[in-house]
Amino acid sequence: MRPRKILRLSGADARDFLQGLITSDVNKIDQGLVYAALLTPQGKYLADFFLAADGADVLLDADAEQAEALLKRLTMYRLRAKVDITPTDLQVMRGTGPAPAGALADPRHADLGWRLIGAEGGEDGTDWDALHVAHCIPRSGIELGPDSYILEAGFEALNGVNFRKGCYVGQEVTARMKHKTELRKGLRQVEISGTAPVGSDITAGGKVVGTLFTQSGGRAIAYLRLDRAKGEMTAGDALLHWQP
């Protein structure tokens, strides 16, 4: 598991502050974990994270490598809002077996089990790569990067974006992609024979048609130009096939 960092948002405006920034409905944290992203004004991905209620506070569970930049970005947006944003020493435990007391279901997919924010971290030996490939679920620092658009990355199916909550940073671009365009690129599960490094170009007919990411059990997650990803494709020494 990539290391995680927990930020605490406290203060009278904590929820309203987040509601105007992120892609999901913060108010749903009273029913369980909320999965969301923070975008650039141009609608591109900056970070994804989970939100959990801790009394009146909000705990933000982010990839550790993104946490410092995320803290700076949130602080920049704070202005006069009554909210404090502070790092914590809390950790994340996760698994797919019996859930311990206080654990909450991963909102992205039922097969991803549970997450528990507390004093101890760890996991139960689940093959996470296999689960992410099986359901084409992207991860920060792997499939998700600064050029990603969340709809191409499948956030709608992962409960990572809410089209009824109102405005947030990057909302206009995201809504336009949802309602006015047909996505021509996106993450898809492909069949793979052989292996290739994450980030390898995928080619077909001598042209680059995508990028290869997480691989497990003869399948992989790939970012594809959907109109060009046809026939036999290769990535490094591996052969790939995708069925639209």
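All of the points below concern the structure found in this document. A quick note: this is a predicted structure, and the numbers were derived from the prediction, not measured.

### Things to note about unusual backbone geometry
Part 1 of the reasoning: One non-glycine residue, cysteine 136, lies in positive phi territory at about 55°.
Part 2 of the reasoning: Structurally, cysteine 136 is set in the loop between helix 3 (128-135) and helix 4 (171-179).
Part 3 of the reasoning: At asparagine 159, a residue that is not glycine, the phi angle is positive and equals roughly 60°.
Part 4 of the reasoning: Considering the arrangement of structural elements, one finds asparagine 159 in the loop between helix 3 and helix 4.

### Concerning the packing of aromatic side chains
For any pair of aromatic rings, the description rests on two quantities: the centre-to-centre distance and the angle between the ring planes.
Part 1 of the reasoning: Tallied over the entire structure, the rule returns two aromatic pairs.
Part 2 of the reasoning: Judged by centre distance (5.3 Å) and plane angle (40°), the rings of tyrosine 35 and phenylalanine 50 are tilted. Of this pair, tyrosine 35 sits in strand 2 (residues 34-39) while phenylalanine 50 sits in strand 3 (residues 45-54), and the two are 15 residues apart along the sequence.
Part 3 of the reasoning: The exposure class assigned to tyrosine 35 is buried, which follows from its relative accessible area of 1%.
Part 4 of the reasoning: Take phenylalanine 50: its relative accessible area is 3%, and that puts it in the buried class.
Part 5 of the reasoning: One aromatic cluster is present, built from ring pairs that chain together Tyr35, Phe50 and Phe155.

### Quick look at the nonpolar core
Generally speaking, soluble globular proteins have nonpolar side chains that are buried together.
Part 1 of the reasoning: Judged by nonpolar contacts, the single largest core of 26 residues is most densely connected at Tyr35, Leu144, Ile150, Phe155, Val161, Leu187 and Ile221.
Part 2 of the reasoning: Elements represented by at least two residues in this core include exactly strand 2, strand 3, helix 3 and helix 4.
Part 3 of the reasoning: If sequence neighbours within four positions are ignored, leucine 187 has contacts with Cys136, Pro138, Glu143, Glu152, Ala153, Phe213, Ile221, Ala222 and Tyr223.
Part 4 of the reasoning: Counting residues in each nonpolar core, the second largest holds 24 residues, with Val26, Leu51, Val58 and Val83 among its members.

### Remarks on the pattern of salt bridges
Here the idea is simple: oppositely charged side chains can pair when their charged atoms come close.
Part 1 of the reasoning: In the structure shown here, the tally under the stated rule is 14 salt bridges.
Part 2 of the reasoning: Two residues, aspartate 129 and arginine 139, come together in a salt bridge whose shortest N-O distance is 2.8 Å. Remark: arginine 139 occurs in the loop between helix 3 and helix 4 and aspartate 129 occurs in helix 3; sequence separation between them is 10 residues.

### So, the sheet that holds strand 9 (residues 122-123)
Part 1 of the reasoning: Ordered in space as 7-8-6-9, the four strands form an open sheet in which the pairing is mixed. Sheet topology places strand 7 (104-105) and strand 9 at the edges, where each strand pairs with a single neighbour.
Part 2 of the reasoning: Sheet analysis places strand 6 (residues 91-95) next to strand 8 (residues 114-118), joined by five bridges and oriented antiparallel. Of the residues in strand 8, the one forming a bridge with glycine 95 is tryptophan 114.

### Examining the side chain of serine 140
Part 1 of the reasoning: Position of serine 140 relative to the elements: it lies in the loop between helix 3 and helix 4.
Part 2 of the reasoning: With relative accessibility at 5%, the residue serine 140 sits in the buried group.
Part 3 of the reasoning: There is a polar contact of 3.3 Å between the side chain of serine 140 and the side chain of aspartate 63.
Part 4 of the reasoning: Once you skip the residues sitting within four places of it in the chain, serine 140 turns out to touch Arg2, Tyr45, Asp48, Asp63 and Gln66.

### Thoughts on the pairing of strand 11 (residues 201-204)
Part 1 of the reasoning: Residues Ile202 and Ala204 point to one face of strand 11 and are all buried, whereas Asp201 and Thr203, pointing to the other face, are not buried.
Part 2 of the reasoning: Bridge count for strand 11 against strand 12 (residues 207-216) is four bridges, and the pairing is antiparallel. When the bridges of strand 12 are listed, alanine 204 appears paired with lysine 207.
Part 3 of the reasoning: Counting the residues that bridge the hairpin from strand 11 to strand 12 gives two residues, and of these glycine 205 lies at a positive phi of roughly 60°.

### Observations concerning the side chain of lysine 165
Part 1 of the reasoning: Tracing the chain through its elements places lysine 165 in the loop between helix 3 and helix 4.
Part 2 of the reasoning: No salt bridge forms around the buried lysine 165; measuring N to O, its nearest opposite-charge neighbour aspartate 25 is 6.4 Å away.
Part 3 of the reasoning: Engagement of the side chain of lysine 165 in a polar contact is seen with the backbone oxygen of isoleucine 22, the distance being 2.5 Å.
Part 4 of the reasoning: With sequence-adjacent residues up to four places away left out, lysine 165 is seen in contact with Leu18, Gln19, Ile22, Thr23, Ser24 and Asp25.

### Focus: helix 4
Part 1 of the reasoning: Looking at helix 4, one finds that the buried residues are Val173, Thr174, Ala175 and Met177.
Part 2 of the reasoning: For helix 4, the elements touching its buried residues are strand 2.

Reading guide: rules and limits
Residues numbered from 1 in each chain as written. Predicted model: local features only at pLDDT ≥ 70, side-chain atom pairs only at ≥ 80, totals over all residues. Heavy atoms only, no water. Helix = DSSP H or I, 4+ residues; strand = E, 2+ residues; numbered from the N terminus. Phe/Tyr/Trp six-rings, centres within 6.5 Å; stacked < 30°, edge-to-face > 60°. Buried < 20%, exposed > 50% of the residue type's maximum accessible area, 1.4 Å probe, protein only. Core = buried A, V, L, I, M, F, W, Y, C linked by side-chain atoms within 4.5 Å. Contact = heavy atoms within 4.5 Å. Salt bridge = Lys/Arg side-chain N within 4 Å of Asp/Glu carboxyl O. Pairing = 2+ DSSP bridges. Polar contact = N/O pair within 3.5 Å; in protein donor to acceptor, adjacent residues only side chain to side chain. Lys, Arg positive; Asp, Glu negative; His and termini not counted.

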